[in-house]
Amino acid sequence: MIFSKIGHKEFLLVFLLTLSPFLCAEEVIINTPIKIDSTDLSFENKSIVIDGTQVIINGAHKFTSLKIINYGSISHDVEKSLQLEVQGRIEVLSGEIDV
């Protein structure tokens, strides 16, 4: 067993450090239409909730989690690309990702 050489306290510390980006990520609720361009890094490594609005995302972005509710949507400008990396869960409860 890989953890046979460490104690329970050390294992718990490693476990919590592994989960820390997910446990401590700032949640951002977007409920008005916005555009996130490739140079806008203000949403990086955050938990994003899109609540009943359209969000246009251009370029590459990394979120901790992504949730779309109340018929929200994600799209991108036709002449630009969209590349999302989501570390945790992607939940589309009511809405769409239009790529």
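What you see is a predicted model, and the numbers here were worked out from it, not measured in a lab.

Topic: the overall build of the protein
Regarding its fold elements, the protein presents 1 helix and 10 strands. For the protein, the proportion of contacts with a sequence separation of at least 24, taken over those separated by at least 6, is 25%. With an accessible surface of roughly 6700 Å², the protein has 56% of that area assigned to carbon and sulfur atoms.

Overview of the pattern of salt bridges
Where charged atoms from two side chains of opposite charge approach closely, those side chains can pair. By the definition in use, this model includes 3 salt bridges. As a salt-bridge pair, lysine 46 and glutamate 26 come within 3.7 Å of each other at their nearest N and O atoms. Here glutamate 26 lies in the loop between helix 1 (8-23) and strand 1 (27-30) and lysine 46 lies in the loop between strand 2 (34-36) and strand 3 (47-51), a separation of 20 residues in the sequence. Aspartate 77 is the salt-bridge partner of lysine 35, the closest N and O atoms lying 3.0 Å from each other. Placement of lysine 35 in strand 2 and of aspartate 77 in the loop between strand 7 (72-75) and strand 8 (82-86) is noted, with a sequence separation of 42 residues between them. Accessibility expressed as a relative area gives 44% for lysine 35, which makes it partly exposed.

Examining the side chain of serine 75
By the secondary structure assignment, serine 75 is in strand 7. Looking at serine 75, its side chain comes within polar contact range of the side chain of glutamine 54, at 3.2 Å. When residues no more than four places from it in sequence are discounted, the contact partners of serine 75 are Gln54, Val55, Ile56, Ile57 and Asp98.

A closer look at the pairing of strand 3
Counting buried positions along strand 3 gives 4 out of 5 residues, so the element sits mostly inside the fold. In this structure, strand 3 lies alongside strand 6 (residues 65-69), joined through 5 bridges in parallel fashion. Paired with valine 49 across the bridge in strand 6 is lysine 67.

Criteria and cut-off values
- Residues numbered from 1 in each chain as written.
- Predicted model: local features only at pLDDT ≥ 70, side-chain atom pairs only at ≥ 80, totals over all residues.
- Heavy atoms only, no water.
- Helix = DSSP H or I, 4+ residues; strand = E, 2+ residues; numbered from the N terminus.
- Contact = heavy atoms within 4.5 Å.
- Areas by Shrake-Rupley, 256 points an atom, 1.4 Å probe, with all protein chains shown as cover.
- Salt bridge = Lys/Arg side-chain N within 4 Å of Asp/Glu carboxyl O.
- Buried < 20%, exposed > 50% of the residue type's maximum accessible area, 1.4 Å probe, protein only.
- Polar contact = N/O pair within 3.5 Å; in protein donor to acceptor, adjacent residues only side chain to side chain.
- Pairing = 2+ DSSP bridges.

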